[in-house]
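# Commentary on secondary and tertiary structure
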Amino acid sequence: MTNDPTAKPLAELGVADAQGVARLFADVKNQFTSELDVKQSANDWEELRGAWLGRKSGVLTRITDNWLKPSPPELKRAVGQALNELKAHVEAALETRRLAIEAAADQASLEREREDLSLPGVIRALGTRHPLRQTFEEIEKIFLSLGYSVVAGPEMETPYYNFEALNIPEHHPARDNMDTFYMSTPPGAAPFAEGAQGKPLLLRTHTSPMQVRTMEKQQPPVRIIVPGKVYRRDNPDATHGFIFHQIEGLAVDTDITFCDFAGTVEYFVREFLGPKVKTRLRPSYFPFTEPSVEVDATCVFCGGKGCNVCKQSGWIELFGAGMVDPAVYGFVNYDPKRLSGFAFGLGVERLTQLKYNVNDLQLYYQNDVRFLRQFA
Ligand code: DAH
């Protein structure tokens, strides 16, 4: 204020009575109101408060010093009262403004934080269970319901468990079609693990070694399935992989017959492939079962009428199985006169393929999400 009346003593302003005092204070109040009107921000508020209520040089201090203190006795009361009123007005108005500024700031921050529920959400891709894993779980469930337990075994095996104890001696022709990965021994390294009898370990070519490992540890009744990876030296193509998956099955007790075997097989196939599917047991050969069979099912694609998949035969090969060969019991001190049982070896890729009509094995290992998503 260039011509600020509060900078001058009361006497110089020509105020002689209470009405003059009232007018003077009304002008000052108007001045405050107009300043309050234009100064709206939080910073402005600080400035305004300093300008009006500041102890050293605020307007009210100036009025006290210039008007109240030197006022003639007859006006002192009027000036004092007016000053008090002005002060109360300024304080109240500033407080109201402070609350408004605070409320506006709160509102602004609420606006910033507000979620817009109409915006499209973030869609995250959900993983799916791999088709092979689904087959594992389905088969495990079926056999668990029949009282089997699920056990796991080592992928690195000794020739003894993988071959000898399964009635596959060295030079047996059955070793030929199980092209085996053998571990190499670094020069100067200690002989291979306990039980390997100095022979190199191998990657198991089937899950059957767990038949022997289980019977070694456990007395009958035995009812187990063994899901797991197996390895063979094959070149990968649509029907071969050097790693694939099997589920071994073994049931041994005092009174298990071929009928129990056939019934279990039929039950499993129907549970897995559906109630319409028929099974047949076709004579086959495995060194560790006698008799041995291949389990066939009526073709899941044509219902048995004949199609490309079943090569017009109406039947498809599912898996190998048989009654445990008494020679195997000899390796685990089971009494073959007292005990009997059956075993089977399910190919997980094969069974999965029949279910989903996937004709290239490699699709299972490439983890292409376009393939995997179809099994959600
Ligand atoms: N181990 C056999 C293989 O990998 C499959 C097999 C056949 C397992 C007959 C069995 C069986 O338990 O009884 O080719």
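Thresholds applied
- Residues numbered from 1 in each chain as written.
- Predicted model: local features only at pLDDT ≥ 70, side-chain atom pairs only at ≥ 80, totals over all residues.
- Heavy atoms only, no water.
- Helix = DSSP H or I, 4+ residues; strand = E, 2+ residues; numbered from the N terminus.
- Rg over C-alpha atoms; globule rule 2.2 N^0.38 Å.
- Buried < 20%, exposed > 50% of the residue type's maximum accessible area, 1.4 Å probe, protein only.
- Contact = heavy atoms within 4.5 Å.
- Areas by Shrake-Rupley, 256 points an atom, 1.4 Å probe, with all protein chains shown as cover.
- Lys, Arg positive; Asp, Glu negative; His and termini not counted.
- Charge placed at Lys NZ, Arg CZ, Asp CG, Glu CD.
- Expected span 1.5 Å × (residues − 1).
- Arc of directions from axis to C-beta.
- Domains from an automatic or database assignment.
- Polar contact = N/O pair within 3.5 Å; in protein donor to acceptor, adjacent residues only side chain to side chain.
- Near = heavy atom within 4 Å.
- Pairing = 2+ DSSP bridges.
- Axes fitted to C-alpha atoms, helices over the stretch in contact; angles between N-to-C directions.
- Parallel < 35°, antiparallel > 145°, perpendicular 65-115°, else oblique.
- Left-handed = near helix turned anticlockwise from the far one by under 90°.
- Nonpolar A, V, L, I, M, F, W, Y, C, P; charged D, E, K, R; others polar.

### Let's talk about the overall build of the protein chain
Scanning the protein chain from N- to C-terminus turns up twelve helices and nine strands. Taken against the 2.2 N^0.38 rule, which gives 21 Å for 376 residues, the C-alpha radius of gyration of the protein chain at 47 Å runs more than 25% over that of a compact globule. Counting across all 376 residues of the protein chain, residues that qualify as buried make up 41%. A separation of at least 24 residues holds for 67% of the contacts in the protein chain among residues at least 6 apart in sequence. For the protein chain, the computed accessible surface area is about 21400 Å², with 53% contributed by carbon and sulfur atoms. Between the mean site of the 42 positive side-chain charges and the mean site of the 48 negative ones, the protein chain shows a separation of 3 Å.

### Quick word on helix H2 (residues 42-53)
Here H2 is twelve residues long and its end C-alpha atoms lie 16 Å apart, about the 16 Å a rise of 1.5 Å per residue gives. Turning to H2, its buried residues number three or more, namely Trp-45, Leu-48 and Trp-52. End-on, the buried residues of H2 take up no more than an arc of 65°, which puts them together on one face.

### Thoughts on helix H1 (residues 18-38)
When the terminal C-alpha atoms of H1 are compared, their 31 Å separation across 21 residues agrees well with the 30 Å that a helix rising 1.5 Å per residue should span. Those residues of H1 lying buried are Gly-20, Val-21, Leu-24, Phe-25, Val-28, Phe-32, Glu-35 and Leu-36. Projected down its long axis, H1 shows its buried positions confined to an angular sector of 160°, all on one face. Of the exposed residues in H1, the ones pointing more than 90 degrees away from its buried face are Gln-19, Arg-23, Asp-27, Asn-30, Asp-37 and Val-38. Here the buried face of H1 lies against H2, helix H3 (59-68) and helix H4 (73-113).

### Notes on the domain arrangement of the protein chain
When cut into domains, the protein chain gives domain 1 (5-113) and domain 2 (131-375). Its C-alpha centre places domain 1 at a distance of 96 Å from the equivalent point of domain 2.

### Considerations on the side chain of His-206
When you line up the elements, His-206 lands in the loop between strand E3 (202-203) and helix H7 (209-217). Note on His-206: relative accessible area 2%, which makes it buried. A polar contact of 3.0 Å, which involves the side chain of His-206, links it to the backbone oxygen of Asn-162. A polar side-chain atom of His-206 sits 3.4 Å from a polar atom in the side chain of Ser-208. Non-local contacts of His-206, meaning those with residues more than four positions away in its chain, are made with Asn-162, Leu-166, Ile-168, Met-178, Val-230, Arg-232, Gln-246 and Phe-288.

### Let's talk about the site of the ligand
Close to the ligand lie 16 residues, the nearest being His-206, Ser-208, Arg-232, Gln-246 and Glu-248. The contact in question runs from an oxygen atom of the ligand to an N or O atom on the side chain of Arg-232, over 2.9 Å. One of the backbone N or O atoms of Ala-343 is found 3.2 Å from an oxygen atom in the ligand. Compared with its free state, where it exposes 350 Å², the ligand has 91% of that area covered by protein. Taken together, the elements giving at least two residues each to the shell around the ligand come down to strand E5 (243-253), strand E8 (315-324) and strand E9 (340-347).

### Description of the environment of Tyr-329
Take Tyr-329: it is sitting in helix H9 (residues 326-331). Taking the relative accessible area as the measure of exposure, Tyr-329 reaches 2% and is therefore buried. The spacing of Tyr-329 and Val-212 is 117 residues in sequence and 8.5 Å in space, taken between C-alpha atoms. Contact partners of Tyr-329, with chain neighbours within four places excluded, come to Met-215, Val-252, Val-324, Tyr-334, Pro-336, Leu-339, Ser-340 and Gly-341. Among the polar contacts listed, one links the side chain of Tyr-329 to the backbone nitrogen of Gly-341, at a separation of 3.1 Å.

### Concerning the pairing of E8
Along E8, eight of the ten residues are buried, which leaves the element largely enclosed by surrounding structure. Across eight bridges, the pairing between strand E7 (residues 289-298) and E8 is antiparallel. Within the sheet, the bridge partner assigned to Thr-298 lies in E8 and is Trp-315. Strand direction decides the pairing type here: E8 and E9, joined by four bridges, are antiparallel. By the bridge assignment, Gly-320 is partnered in E9 with Gly-345.

### Some thoughts on the packing of H2 against H4
The axes of two packed helices give the description: the angle between them and the distance between them. Relative orientation of the contacting elements H2 and H4 amounts to 170°, with a least axis distance of 11 Å. When the axes of H2 and H4 are compared, the pair comes out roughly antiparallel. The crossing of H2 and H4 is left-handed. Side by side, H2 and H4 meet where Ala-42, Trp-45, Leu-48, Arg-49, Trp-52 and Leu-53 of the first sit next to Val-90, Glu-91, Leu-94, Arg-97, Arg-98 and Ile-101 of the second. Of the residues belonging to the contact of H2 with H4, the class tally is eight nonpolar, no polar and four charged.

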